[in-house]
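Examination of the molecular architecture
Given next are the chains, with one letter for each unit.
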Amino acid sequence: MKSGFFALVLVLLLAGCESSPPQALVIYSGRSQALVEPLVERFKAQTGLPVEVRFGRDAELLAALQEEGAQSPADLFWANTTGALGAASNANLLVALPDSILEKPASFQPSSGLWAPATVRFRVLAYNTEALTEDDLPASVLDLPQMETLRGRIGWTPTYSSFQDFVTALRLLEGEEAARAWLEGLQALEPKAYPSNTPMIQALAAGEIDVALTNHYYVLRLTQGAAEGEAPPVALYHFAPGDVGNLALVTGAGVLATSDNTEAALRFLSFLLSEQAQAFAATEVYEYPVVSGVAVPSYLLSMPEALALSPQFDFERLRELDATLNLMREVGLL
Amino acid sequence: MNRLLSFDLRTAAFFLLPALLVLAGVLVPLAYLLIRAFEADAELLRTLVLRRRNAVLLGNTLLLAAGVLALGTALAFPLAWLTTRTRLRGRRVLAVVGVLPLAVPGYVMAYALLGATGGNGLLAAVAGLTLPRPGGYTGALLALGLTLYPYLFLNLRAALLGLDASVEEAARALGYTNRQVFLRVILPQLRPAFLAGGLLIGLHVLGDFGVVSLMRYETFSYALYLQYAAAFDRVYAAWLALMLLALTGALLVLEARLLRGRRFHRAGAGGTRQARAVSMGGWTVPAYAFAALLSLAAVGLPVGTALFWMMRDAGAAAGWTALAGALGASVTASVPAAVLAGALALPLAYRSVRRPSPAARVLERVAYLGYATPPLAFALAFIFFTLRTAPVLYQTLALLVIAYALHFLAEAIGPVRSALYQASPRLEEAARALGRKPLQAFFTATFPLLRRGLLVSIAFVFLSAMKELPITFLLSPIGFETLALGVWGAANEALFGRAAPYALLIMLFSAAFVGLLLAERDELRAG
């Protein structure tokens, strides 16, 4: 009886061993399933190519890719953050992309040519419209630490990648000491730290905090997603044009050096930069397209307006994350 | 006597195979962490490891573990007592209240607590009630306490059911008051159950990431995850994981010391008798109020919040095929993992209870180290070693099942061990004296007494595997979409309406599974 039991377990275990069809395009996606799956389904329907997606957080997938090494089954890394793409570039995980891909985006191409931008979002200050008006808010994010009135009412996400991308830009544009002073100044205002933007925006809507340093689409998702009359009193605030507080953040994808299916990976990248995929990002995810000529919904700023908000900056430099992390550790945030 | 101790080859294999698997399951992650840890640059390491922040994290972690243990005991003990020792009506329903929260993933509870409170929360929308949003220590304490107390409840309930009333009666005959009987006779016998449940809760708190991050309370495991997530730093993360394991080691030594040299099975012959149930009298109403409040908070809140989300964003839900697929995937991985863990736990617990040698004790403790290894590091280690030793296993269901079983093995050991403590070895000795071979004697004499404990073991692992995230992310076959992944993917993007059906399915099916087990156990009692 007992050997029968072990045989059963063995059979159950071996049943799982059948491997997937070898020609499938394998995508490691740091973007969540809800945003990725509709696009993957369309790509499969249009090209007839099999696609398999492993979902995870950027960091987990990067760690997995590095542990897998040369044996990784992945073809394409589709990341949620520029920082993760930078880390992948630094770790030599990505291969150079052909011009046919690189020439498609109208802006935000990385100088390395190792990955292609897919969508853009902007850093913003979200605020509670019942507690504050735009006049109460500073013209530059650099002035935020002087806002004594906001003591204890500010939310931020010091451990979240997009916030760290912002600090990297702050450091590179304004200098190390200015960045340190900003972090310490804001800390003195006793902000509330959240692990990511979603719980922070929920806290903003719930009145736990009155302003939040976040990305624009979290706010739109909250306000546009709500039923008529039920939208919480939360709105977007942009700093003055060119302010680092409006930094554009790029999501993107790159082909992995371990890929044995480069052709399919490149077709998928092309698809991501096609008009329909870009329009999906704008209408369903509230992000900005990176190719020109794609219409954006009325509740988004127009592309030129949005682009004018962000400071001039080589986005490839966001991979200089180490110094940012050291700075944040020194001031006790990590 | 010599004949009774001798092992034939099959018996040896029966113990050796699980032992080797367990050792591998623990040594692999440990070796991995050491390999990564020693890649560190000495200077950077000194500033990272020996800094004040780590002392703060240590303090936070211990404070939270102590709080959750206290809250868990305050909830579990009265409930276990009410369901086993009183004539209260609806004891079975109360027992369900004690077990059901196991079906609620901690992160769902945290989302529910946050979603129900505050100005635009569920309670405000439904009842016009604005409660302050829990956060920090209080928030983490509530979410963890409400989801983890069943580990103590089940252990205590099993122990109370297994106690032999004749010992209490003897004490009473000797003139002990009820209070003395409770303090000197009952409580000491509950010690292994307390320790087994408490250890699981403590280890859960040490390893939790979902709840503490949502509640913004910084513990070791939170900091550890941040090193992977924020810094993409596998080296410092490895050091934090090793510090966490050292803490676990201390906890294990403590538990072992508290348990040493005690014997809990009955000494005499004859069957165990159930204790006389007491009537609650004036305490009936408070007892019901306690149970009602607890079930509202631990079960009503997460289920209600999920239903609320689902109705609010009715159009957002994924299709039935996606949901059914995710349910299928979750069950396909969790059931074999639970059975495998039970099969591994049985010989380990048997050795450590019946033939306590240093080796057996170490082996059993080692399983707890595997449990305390942060799941993310555990999964990375399995990637690292699988690809170097058996690449064909990588990204197969088999690997996922093995990883679940080895990671959650510790949960399976406690209930079997408690059952073993209460099963007298005399029966098995008698069976052997009558000429049965050791294994035969074990399966005919002792095994039937362990079924109750073994089923609880399997249930524990099943429930944990259903909720697990990082191991599933990294080790499942590509395209394998479990319910837990569905909840996480959607909730993370604030698509709560889409997350809700996945969360409800996890809770529903876990609850159904637990219900089946409870029914089975009650039948055993009657029969």
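Everything quoted here is computed from the prediction, not taken from an experiment.

**So, the overall build of chain A**
Counting secondary structure elements, chain A contains 13 helices and 10 strands. For chain A, the C-alpha radius of gyration of 22 Å lies close to 20 Å, the compact-globule estimate for 334 residues. Its C-alpha atoms give chain A principal-axis dimensions of about 70 × 55 × 45 Å. Per-residue burial for chain A yields a buried fraction of 60% across its 334 residues. Contacts in chain A between residues far apart in sequence, at least 24 positions, make up 76% of those at least 6 positions apart. Roughly 12,100 Å² of accessible area belongs to chain A as shown, and the carbon and sulfur atoms make up 52% of that amount. Here chain A carries 19 positive and 39 negative side-chain charges, and the mean point of each set is 5 Å from the other.

**Topic: the packing of aromatic side chains**
To describe a pair of aromatic rings, one takes the distance between the centres and the angle between the planes. If you walk through the whole model with that rule in mind, you get 33 aromatic pairs over all chains. Between F473 of chain B and W488 of chain B, the aromatic rings sit 4.8 Å apart at their centres with planes inclined by 85°, giving edge-to-face as the arrangement. Residue F473 of chain B is found in helix α21 (residues 470–475), and its partner W488 of chain B is found in helix α22 (residues 483–492); the two are separated by 15 residues along the sequence. Like W488 of chain B, F473 of chain B is buried. By way of ring pairs, the aromatic residues F43, W78, F268 and F271 of chain A are connected into one cluster. The cationic tip of R216 of chain B hangs over the ring face of Y194 of chain A; the distance from NZ or CZ to the ring centre is 4.6 Å. When the ring centre of F384 of chain B is taken as origin, the NZ or CZ atom of R388 of chain B, which lies over that ring, is 3.9 Å away.

**Digging into the pattern of salt bridges**
All names here are of chain A. Scanning the model with the defined rule gives 19 salt bridges over all chains in all. Here E287 makes a salt bridge to R31, at a shortest N to O gap of 2.8 Å. Residue E287 is located in the loop between α11 (275–284) and β10 (288–289), and its partner R31 is located in the loop between β1 (25–29) and α2 (33–47); the two are separated by 256 residues in the primary sequence. Neither E287 nor R31 differs from the other in exposure class; each is buried. The closest approach of N and O atoms between R171 and E176, which form a salt bridge, is 3.7 Å. Residue E176 is classed as partly exposed on the basis of its relative accessible area, which comes to 33%. Through salt bridges with shared partners, a single ionic network connects R31, R121 and E287.

**Some words on the side chain of S89 of chain A**
Residues and elements named next belong to chain A. Here S89 is to be found in helix α4 (residues 82–90). Residue classification places S89 among the buried residues on the basis of a relative accessible area of 4%. Once you skip the residues sitting within four places of it in the chain, S89 turns out to touch L94, L114, W115 and R319.

**A look at the pairing of strand β3 (residues 76–79) of chain A**
All names here are of chain A. Both faces of β3 are covered, namely the face carrying L76 and W78 and the face carrying F77 and A79. Bridging between β1 and β3 involves 3 bridges; their strand directions are parallel. When the bridges of β3 are listed, I27 appears paired with L76. One ladder, built from 4 bridges, connects β3 with strand β9 (residues 248–255); its direction is antiparallel. Its bridge partner lying in β9, F77 is registered against G254.

**Some thoughts on the interface of chain A and chain B**
If you look at the interface, chain A gives 54 residues, while chain B gives 66 residues. When the two sides are added together, the surface that chain A and chain B hide from each other amounts to roughly 5,300 Å², 60% of it contributed by carbon and sulfur. It is R54, R57 and E67 of chain A that lose the most area in chain A upon contact with chain B, and together they represent 14% of the buried surface on that side. Our count for the chain A to chain B interface comes out at 3 salt bridges. Between R133 of chain B and E208 of chain A there is a salt bridge, with the nearest N and O atoms lying 2.7 Å from each other. At the boundary of chain A with chain B, the tally comes to 11 residue pairs in polar contact (both at pLDDT 80 or more).

**Overview of the environment of A188 of chain A**
As for its position among the elements, A188 of chain A is in helix α7 (residues 176–188). Here the alpha-carbon distance between A188 of chain A and P145 of chain A, two residues 43 residues apart in the chain, equals 7.8 Å.

**Observations concerning the side chain of Q278 of chain A**
Residues and elements named next belong to chain A. Mapped onto the fold, Q278 is located in helix α11. Judged by relative accessible area, Q278 falls into the buried class, the value being 1%. Apart from residues lying up to four places away in sequence, Q278 is in contact with A118, L272, L273, P289, V290, V291 and V294.

**Points about α2 of chain A**
Residues and elements named next belong to chain A. With 15 residues, α2 should reach 21 Å at 1.5 Å per residue; the first-to-last C-alpha distance of 20 Å fits that figure. Within α2, the full set of buried residues consists of Q33, A34, L35, V36, L39, V40 and F43. Immediately beyond the C-terminal end of α2, within one or two residues, lies G48, with a positive phi of roughly 75°.

**Things to note about the confidence of the model for chain A**
Residue and element names in this part refer to chain A. Residues of chain A with pLDDT of at least 70 account for 93%, and the chain-wide mean is 88. Looking across chain A, the model is least confident in helix α1 (residues 2–15), with a mean pLDDT of 51, and most confident in α7, with 97. Counted against residues more than four places away or in other chains, residues 16–22, with its pLDDT under 50, gives 7 contacts.

**Examining the packing of helix α15 (residues 320–354) of chain B against helix α16 (residues 358–372) of chain B**
All names here are of chain B. Between α15 and α16, the least distance of the axes is 8 Å, while the angle of their chain directions is 140°. The orientation of α15 with respect to α16, classified from their angle, is oblique. When you trace α15 past α16, the crossing you get is left-handed. Between α15 and α16, the contacting residues are L348, A349, R351 and S352 on the first element and A360, L363 and E364 on the second.

Conventions and cut-offs
Residues numbered from 1 in each chain as written. Chains lettered and ligands numbered in written order. Predicted model: local features only at pLDDT ≥ 70, side-chain atom pairs only at ≥ 80, totals over all residues. Heavy atoms only, no water. Helix = DSSP H or I, 4+ residues; strand = E, 2+ residues; numbered from the N terminus. Rg over C-alpha atoms; globule rule 2.2 N^0.38 Å. Buried < 20%, exposed > 50% of the residue type's maximum accessible area, 1.4 Å probe, protein only. Contact = heavy atoms within 4.5 Å. Areas by Shrake-Rupley, 256 points an atom, 1.4 Å probe, with all protein chains shown as cover. Lys, Arg positive; Asp, Glu negative; His and termini not counted. Charge placed at Lys NZ, Arg CZ, Asp CG, Glu CD. Phe/Tyr/Trp six-rings, centres within 6.5 Å; stacked < 30°, edge-to-face > 60°. Lys NZ or Arg CZ within 6 Å of the ring centre and 35° of its normal. Salt bridge = Lys/Arg side-chain N within 4 Å of Asp/Glu carboxyl O. Pairing = 2+ DSSP bridges. Buried area = accessible area lost by both parts, 1.4 Å probe. Polar contact = N/O pair within 3.5 Å; in protein donor to acceptor, adjacent residues only side chain to side chain. Expected span 1.5 Å × (residues − 1). pLDDT = per-residue confidence, 0-100. Axes fitted to C-alpha atoms, helices over the stretch in contact; angles between N-to-C directions. Parallel < 35°, antiparallel > 145°, perpendicular 65-115°, else oblique. Left-handed = near helix turned anticlockwise from the far one by under 90°.

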